[in-house]
Amino acid sequence: MHELYHTVAVENIPKIVAEQSPQGTFSLNRCDIGEAQFYKFDNDKSHEKFHPGQVWASYCKLDDMPKYHVEISRVEVFPDFKLYAKWLEPCAPPREVIKWLDEKMPACCGTFKAGKEEVFSDTAYISHLATEVSVNKQSLYEIYPKKGEVWAMYRNFSSDWTCNDLKNCECDVVEVLEVYDVRWLIVLVLVQVAGFKTVFKAKREAGHDYIMGIPWIELFRFSHQIPVFRFTEVRYGSLRGCLELDPKSMPTCLFPLKWKFTGALGPVLSNTESFQRMHTLLCGTLFSFQTDMCILNRTIYLY
């Protein structure tokens, strides 16, 4: 069985984080997943990649997904590799965001403060480097979905879920196209490319990209960020423009992948009928936008 977590001491970590962080030795039931088919994601977390001040995502024991973050305070490479890192503990969410009723539910995005320091002798519990993490005047860390990032997003999101519900939650994979202040996040739904377990492309319906508007109040609908590799070179042929996802961060419900879109995630912006329905529901400012890969010749109505 593929071992993802190694023994980690957590005596000094606050109670909630300690209960859910990778303590003890346990493994993911992912024998059928294996490694990514093209890109070796483990190379991105080799020992020389770690530096003080960086923020890295780490796996959560509740559902084996990278829902937690640590800040590297010191790195030792001789005689043995050691990481000195502080757990980032979530602060109260913004007032306009729907809160979890279960206070032990992990929050992957929001505002965080530095907690107790731990020493780790292995990087197996770490997922990926969190880029562009801002630190405000109160020395608090702000981690939110950003344009160009790929995230897992809960289907049928409900704030009354408990920690016991996490392993049964279904998720979709989305790429963040735009973030409009603290009002809306515009995402592109991704689907698996036929014949590949870990390669994804934009979902299309009626000749249009499947785009959704997620209101800021549902920020916790975003489960966790997923590391990706973009096929940008001509040598990738028909896969050029697609993305490969790190299988260790892909929600279990995607194995095997069975995409059943019911529209429960939010307003779908894929055709004229959807626009008319959206306009009926939402009145507000008219936006147009583009991504690095293509121009989206559509407009959406937001609050």
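Along each chain, residue indices are assigned from 1 in the same order as the chain's sequence is written. Side-chain atom pairs in this predicted model are given and counted only at pLDDT of 80 or more, local residue features only at pLDDT of at least 70, and totals for whole chains, interfaces and linings cover all residues. Heavy atoms throughout the structure, all of them, feed into the side-chain values; hydrogens and water do not.

Going by the annotation in an unreviewed UniProt entry, the name recorded for the protein is DUF3444 domain-containing protein, with Papaver somniferum given as the source organism.

1. Details of the overall build of the protein
Within the protein one finds two helices and 20 strands. Within the protein, the proportion of its 303 residues that are buried is 51%. Areas reported here follow the Shrake-Rupley algorithm with a probe of radius 1.4 Å; residue values treat only the protein chains shown as occluding. Of the roughly 14700 Å² of accessible surface on the protein, 51% is carried by carbon and sulfur atoms. Only runs of H or I of at least four residues qualify as helices and only runs of E of at least two qualify as strands under DSSP, and these elements are numbered from the N terminus. Exposed residues in this analysis have more than 50% of their type's maximum accessible area, buried residues have under 20%, and partly exposed residues fall in between, with area computed by a 1.4 Å probe over protein chains only.

2. Here's the deal with the state of the cysteines
Any pair of cysteine sulfurs within 2.5 Å is marked as a disulfide. This model, assessed by the stated rule, comprises zero disulfides. With no disulfide of its own, C109 lies closest to C108 among cysteine sulfurs, the gap being 6.1 Å. According to the relative accessible area criterion, C109 is buried, its value standing at 1%. With no disulfide of its own, C253 has C171 as its nearest cysteine by sulfur position, at a separation of 5.2 Å.

3. Regarding the pattern of salt bridges
Any Lys or Arg side-chain nitrogen found within 4 Å of a carboxyl oxygen on Asp or Glu counts as a salt bridge. Applying the stated criterion across every chain, the model contains 12 salt bridges. The salt bridge partner of K203 is E205, with a shortest N-O separation of 3.7 Å. A relative accessible area of 32% places E205 in the partly exposed class. In this structure, D209 and R204 form a salt bridge, with 2.7 Å as the shortest nitrogen-oxygen distance.

4. Here's the deal with unusual backbone geometry
Across the junction of F78 and P79, the peptide omega takes the value 0 degrees, indicating a cis bond. In this fold, P79 is placed in the loop between strand 2 (68–76) and strand 3 (82–90). The backbone of A206 sits at a positive phi, close to 55 degrees, despite the residue not being glycine. Taking relative accessible area as the criterion, A206 reaches 63% and is therefore assigned exposed.

5. Considerations on the confidence of the model for the protein
Chain-level pLDDT for the protein is 78 on average; 73% of the residues reach the 70-or-more range. Values of pLDDT, ranging from 0 to 100, describe the predictor's confidence in every residue of the model. Note on definitions: a residue-residue contact is assigned when non-hydrogen atoms from the two residues lie within 4.5 Å. Here residues 1–18 scores under 50 on pLDDT; set against residues more than four positions off or in separate chains, the count is 54 contacts.

6. Brief notes about the environment of C171
On the secondary structure map, C171 appears in strand 9 (residues 171–180). For C171, a relative accessible area of 4% puts it in the buried group. For the pair formed by C171 and S223, sequence separation is 52 residues and the distance between their alpha carbons is 8.1 Å.

7. With respect to the nonpolar core
Core analysis: the biggest nonpolar cluster contains 59 residues, and L83, Y154, V173, V187 and F222 have the highest contact counts within it. Of all the secondary structure elements, the ones that give two or more residues to this core are strand 2, strand 3, strand 8 (150–154), strand 9, strand 10 (184–192), strand 14 (211–215) and strand 17 (243–245). Top contributing element to this core by residue count: strand 10, with seven residues. Membership of the second largest hydrophobic core comes to nine residues, among which are A36, F229, Y236 and L239. For this analysis, a nonpolar core means a set of buried residues of the types Ala, Val, Leu, Ile, Met, Phe, Trp, Tyr and Cys, connected via side-chain atoms within 4.5 Å.

8. Here's the deal with the packing of aromatic side chains
Each aromatic ring pair is summarised here by two numbers: the centre-to-centre distance and the angle between the ring planes. Only rings of Phe, Tyr and Trp enter the pairing, Trp through its six-membered ring, and a pair is recorded when the two centres are within 6.5 Å. The plane angle decides the type: under 30 degrees is stacked, over 60 is edge-to-face, the rest tilted. Considering all chains together, one arrives at 19 aromatic pairs under this definition. Taking 6.0 Å as the distance between ring centres and 90 degrees as the angle between the ring planes, the aromatic pair formed by W151 and F222 counts as edge-to-face. One end of the pair, W151, is in strand 8; the other, F222, is in strand 15 (residues 222–225), with 71 residues separating them in the sequence. Of the two residues, W151 and F222, neither departs from the other in class, the shared state being buried. Measuring from centroid to centroid gives 6.0 Å for F229 and Y236, while their planes differ by 75 degrees, and the two rings are edge-to-face. Aromatic rings pair up to connect F38, Y39, F41, F196, F229, F231 and Y236 into one cluster.

9. Structural notes on the environment of E178
In this structure, E178 sits in strand 9. In this structure E178 comes out as buried when scored by relative accessible area, which is 17%. For the pair E178 and K146, spaced 32 residues apart in sequence, the C-alpha to C-alpha distance is 7.5 Å. Under the rule applied, a polar contact is a pair of N or O atoms within 3.5 Å (in protein, one hydrogen donor and one hydrogen acceptor; residues adjacent in sequence only if both atoms are side-chain atoms). Engagement of the side chain of E178 in a polar contact is seen with the side chain of K147, the distance being 3.4 Å.

10. Regarding the sheet that holds strand 2
When DSSP finds two or more bridges between a pair of strands, those strands are recorded as paired. Taking strand neighbours across the sheet as the criterion, the seven strands line up as 5-1-2-3-4-7-6 in an open arrangement whose pairing is antiparallel. Unpaired on one side and paired on the other, strand 5 (126–130) and strand 6 (134–135) mark the two borders of the sheet. Relative to strand 5, strand 1 (residues 55–58) runs antiparallel, the two sharing four bridges. Of the residues in strand 5, the one forming a bridge with V55 is A130.

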